[in-house]
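If you want the building blocks of each chain, they are given just below.
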Amino acid sequence: QVQLVESGGGLVQPGGSLRLSCAASENIFSINRMGWYRQAPGKERELVASITNGGSTNYADSVKGRFTISRDNAKNTVYLQMNSLKPEDTAVYYCHALRGYFNYWGKGTLVTVSS
């Protein structure tokens with residue numbers, strides 16, 4: 001059982017930046033893929049970005065060029081650097097891990113982009 005704890009959410013003005021962190025309870029090198037999803041009010045959860053244990057990344061079109069996902073295996077942590085934030089980025093952001101056939105989720109952290 002992998003436990004994931006997100007942090008770094010909060011209120012930011014449009015155009016601002018935030019960095020989300022996801023700390024895993026065990027060595028993430030054994031986790032095939034980790035990523036960030038988000039869910040806005042009244043909308044379905046969607047993939048924001050993911051990264052494999054080989055370092056390959058994938059981004060939603062809506063965040064390409066603004067968000068960067070990275071992982072620090074030594075700290076068992078995955079990050080999401082979010083720049084040039086827009087009001088439409090407002091959502092609860094969830095950390096996700098895929099190991100084998102098992103999916104693990106964090107409880108989420110709220111990001112609000114508003115002036």
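Residues numbered from 1 in each chain as written. Predicted model: local features only at pLDDT ≥ 70, side-chain atom pairs only at ≥ 80, totals over all residues. Heavy atoms only, no water.

S.K.: Any chance you could explain the pattern of salt bridges here in plain terms?
M.R.: Where charged atoms of side chains with opposite charge meet at close range, the side chains can pair. Within the structure shown, the criterion is met by five salt bridges. Between glutamate 46 and arginine 38 there is a salt bridge, and its shortest N-O distance comes to 2.8 Å. Take arginine 38: its relative accessible area is 6%, and that puts it in the buried class. Measuring nitrogen to oxygen at the nearest pair gives 2.9 Å for the salt bridge that ties arginine 38 to aspartate 89. Residue arginine 38 is located in strand S4 (residues 33-39), and its partner aspartate 89 is located in the loop between strand S8 (77-82) and strand S9 (91-99); the two are separated by 51 residues in the primary sequence. Just as arginine 38 is buried, aspartate 89 falls in that class too. Among the charged side chains, a network of salt bridges with common partners joins Arg38, Glu46, Arg66 and Asp89. (Salt bridge = Lys/Arg side-chain N within 4 Å of Asp/Glu carboxyl O. Buried < 20%, exposed > 50% of the residue type's maximum accessible area, 1.4 Å probe, protein only. Helix = DSSP H or I, 4+ residues; strand = E, 2+ residues; numbered from the N terminus.)

S.K.: Can you help me understand unusual backbone geometry in this one?
M.R.: Most peptide bonds adopt trans geometry, and most residues besides glycine take a negative phi value. Backbone geometry places asparagine 76, a non-glycine residue, at a positive phi of 55 degrees. Among the structural elements, asparagine 76 can be located in the loop between strand S7 (67-72) and S8. Unlike most non-glycine residues, serine 84 shows phi in positive territory, near 50 degrees. Here serine 84 lies in the loop between S8 and S9. By relative accessible area, serine 84 is classed as partly exposed at 41%.

S.K.: Explanation requested: the packing of aromatic side chains in the structure shown.
M.R.: Two descriptors summarise a pair of aromatic rings, namely the distance from one centre to the other and the angle between the planes of the rings. Enumeration according to the criterion identifies one aromatic pair in this entry. Ring geometry for tyrosine 37 and tryptophan 105: centres 5.0 Å apart, planes at 70 degrees, overall edge-to-face. One end of the pair, tyrosine 37, is in strand S4; the other, tryptophan 105, is in strand S10 (residues 102-105), and 68 residues separate them in sequence. Arginine 45 extends its terminal NZ or CZ atom over the ring of tyrosine 94, reaching a point 3.7 Å from the ring centre. Here arginine 45 stacks its cationic end above the ring of tryptophan 105, 4.7 Å away from the centre of that ring. (Phe/Tyr/Trp six-rings, centres within 6.5 Å; stacked < 30°, edge-to-face > 60°. Lys NZ or Arg CZ within 6 Å of the ring centre and 35° of its normal.)

S.K.: Looking at this model, I keep getting lost on the pairing of S7. Mind explaining?
M.R.: Put simply, side chains in a regular strand alternate between the two faces of the sheet. What you see with S7 is a clean split: Phe67, Ile69 and Arg71 sit on the buried side and Thr68, Ser70 and Asp72 on the side with no burial. Strand direction decides the pairing type here: S7 and S8, joined by six bridges, are antiparallel. Following the sheet pairing, isoleucine 69 is matched in S8 by leucine 80. What sits between the antiparallel neighbours S7 and S8 is a turn of four residues, in which asparagine 76 has the positive phi angle 55 degrees. (Pairing = 2+ DSSP bridges.)

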